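Listed here are the chains, written in short residue letters.
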Amino acid sequence: MPNMELESPLRTRLSQCEEHHDPDMEGSYESIPLIGSENWKVDTGSLGMVGAALFIVGEMTGSGILGVPCALAHSGYSGFGMMLLCVVVASYTGLTLSRNWMHVRDQYPHCSNPYPSIGYTAYGRKGEVAVQVCATVTLIGGCCAYVLIAAQSLARFIYLEFDTDVIGYRTCVVIMGLVFLIVLIFGAGRESMLVAVCATLLSALFTVLIIVGIVQTGKTPDYKPYPVTAKSWFLSFGKFLFAFGGHSAFPNFQKEMKNPRNFPGSVLLAYLIKLVLYVPIGLVGVTFFGLELDANILNNIDNSLKILNVCILLLVAIQAIMSATILGNPVADMVEGIVGAPINKLLHWKRLTVRLCFVLLSVAICEAIPRFDLIMSLIGGTTINAAVFILPSIFHFKLAKKDKWWNLKVTFDSLSILFGVGAGVVCTYASLAHIIDEYYNSS
């Protein structure tokens, strides 16, 4: 075990930082000077509180806007309570994860790769590997969902505009994979702030347009509510977990802030924006379509509203690729660090190879499971659930200061872990059962 830990790249980075470590700071958040102050020799990023919130919103919101209405329809009125519960718990673990990173950074201020660093500081190599696996699978799954959304939008756009389906859905997946690759190569770096802002603005814009399209389409003549079952309820639960996830990239966003201690404000602001976007479109979708509500609410808008449909589809496709870029960059950066790709060479062969392989893997998964709602449920119930509800609280047990609030921290962290474990078991089972029924038993 000691040899394994010494061989860890993260252990090496932490060792290089130990000369900056102040043992008096250990176990304490409050006694540490503010990062960015004149007494703190750390390079800080350029993001403000609002900027970091926009990254969080742009990360998972687009898929949530399209998938949450169906999740609400398939879970009944209890779905709104379930969604609110996910917001509360995810907000708490977001704040916990923020404090975990500040604890690690304050002790080892020159370390990078934040979430794995938190895992290693708390539980050694096992903690690091757990984070890397969850974060990588989560971000790849999120990219796949967005590529599928973009491909679906492109296929429907071609059908509406040219009245043909000669270019199939799977071909559109390859086309959007190519677009994703180009943006992933040239859309990285500090200029990605523009990507985050555009992704959030586009999400808000197409949400309004979708609501307008639903109202103009009108209520289904033979409206019937969806007959909620245990299976549909748990699948919806997984979609909510996906829609309010994204914690795998939170420490990366926090690391890029001018004042990382303001990140809790970014988390709360981001979840407020998400609720403002999700609740209205969810209510309208459930009220107008009920049983007829599609997994992708865009498919419920009347085809006769051609101009409106085309505008929405183009906005959704652009937003999906931008969000996929936000999710893909952390994974690509991590692998590039492992293979030693130069940071400042945009077109270095190692960097291009890593990003090409990443996109090829994403496209392959999309071709194997060509439905973004199934990916949402499966990833939401497994790795997103672990990275959002379980790992932050487990790490908090190790890193939090034992003060007068310790018993309260333990209580909240324990509830978060129990919530995550329970949600993970039922959502993963329901998702796998549904995928097997969909692609194997049906034949």
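Everything quoted here is computed from the prediction, not taken from an experiment.

Participant: Could you clarify how one ought to interpret the packing of aromatic side chains in this entry?
Facilitator: For the structure shown, the criterion picks out 13 aromatic pairs. Centre to centre, the rings of phenylalanine 389 and phenylalanine 419 are 5.0 Å apart; their planes meet at 70 degrees, and the pair counts as edge-to-face. In this pair, phenylalanine 389 sits in helix 14 (residues 383-399) while phenylalanine 419 sits in helix 15 (residues 406-441), placing the two residues 30 residues apart along the sequence. Against the face of tyrosine 223 rests lysine 219, its NZ or CZ located 4.6 Å from the ring centre.

Participant: What is the right way to read the layout of surface pockets from this model?
Facilitator: Over the atoms rolls a probe the size of a water molecule, and in doing so it shows where empty space is left. Here the second largest pocket defines a volume of roughly 250 Å³. Around the second largest pocket, the lining is made up of 13 residues, and of these Gly76, Tyr77, Tyr223, Pro225 and Val286 lie nearest the centre. When residues of the lining of the second largest pocket are traced back to their parent elements, those giving at least two are helix 3 (49-75) and helix 10 (263-289). For the lining of the second largest pocket, the leading source of residues is helix 10, giving three residues. Grouping the constituent residues of the lining of the second largest pocket by class yields 10 nonpolar, three polar and no charged.

Participant: Looking at this structure, how should I read the pattern of salt bridges?
Facilitator: Oppositely charged side chains are able to pair whenever their charged atoms sit close together. What the rule picks out here adds up to seven salt bridges. Between arginine 125 and glutamate 128 there is a salt bridge, with its nearest N and O atoms 3.0 Å apart. Of the two residues, arginine 125 and glutamate 128 are both situated in helix 5 (residues 114-162); the distance of three residues between them amounts to about one turn of the helix. The exposure class of arginine 125 is partly exposed, given its relative accessible area of 26%. The partner of arginine 170 in a salt bridge is glutamate 367, with the nearest N and O atoms 3.2 Å apart. Placement of the pair is arginine 170 in helix 6 (residues 169-186) and glutamate 367 in helix 12 (residues 349-368), with a sequence separation of 197 residues. What makes arginine 170 partly exposed here is its relative accessible area of 43%. Using a relative accessible area of 22% as the deciding quantity, one classes glutamate 367 as partly exposed. Here the salt bridges do not stand alone but share partners, grouping Asp333, Glu336 and Arg355 into one network.

What counts and how
Residues numbered from 1 in each chain as written. Predicted model: local features only at pLDDT ≥ 70, side-chain atom pairs only at ≥ 80, totals over all residues. Heavy atoms only, no water. Phe/Tyr/Trp six-rings, centres within 6.5 Å; stacked < 30°, edge-to-face > 60°. Helix = DSSP H or I, 4+ residues; strand = E, 2+ residues; numbered from the N terminus. Lys NZ or Arg CZ within 6 Å of the ring centre and 35° of its normal. 1 Å grid on protein atoms, 1.4 Å probe; cavity = no way out; pocket = protein on both sides within 12 Å on 5 of 7 lines; lining within 4 Å. Points joined across faces, edges and corners; volume = space filled by probe spheres on them. Nonpolar A, V, L, I, M, F, W, Y, C, P; charged D, E, K, R; others polar. Salt bridge = Lys/Arg side-chain N within 4 Å of Asp/Glu carboxyl O. Buried < 20%, exposed > 50% of the residue type's maximum accessible area, 1.4 Å probe, protein only.

Purely spatial values, then, with no claim about function.
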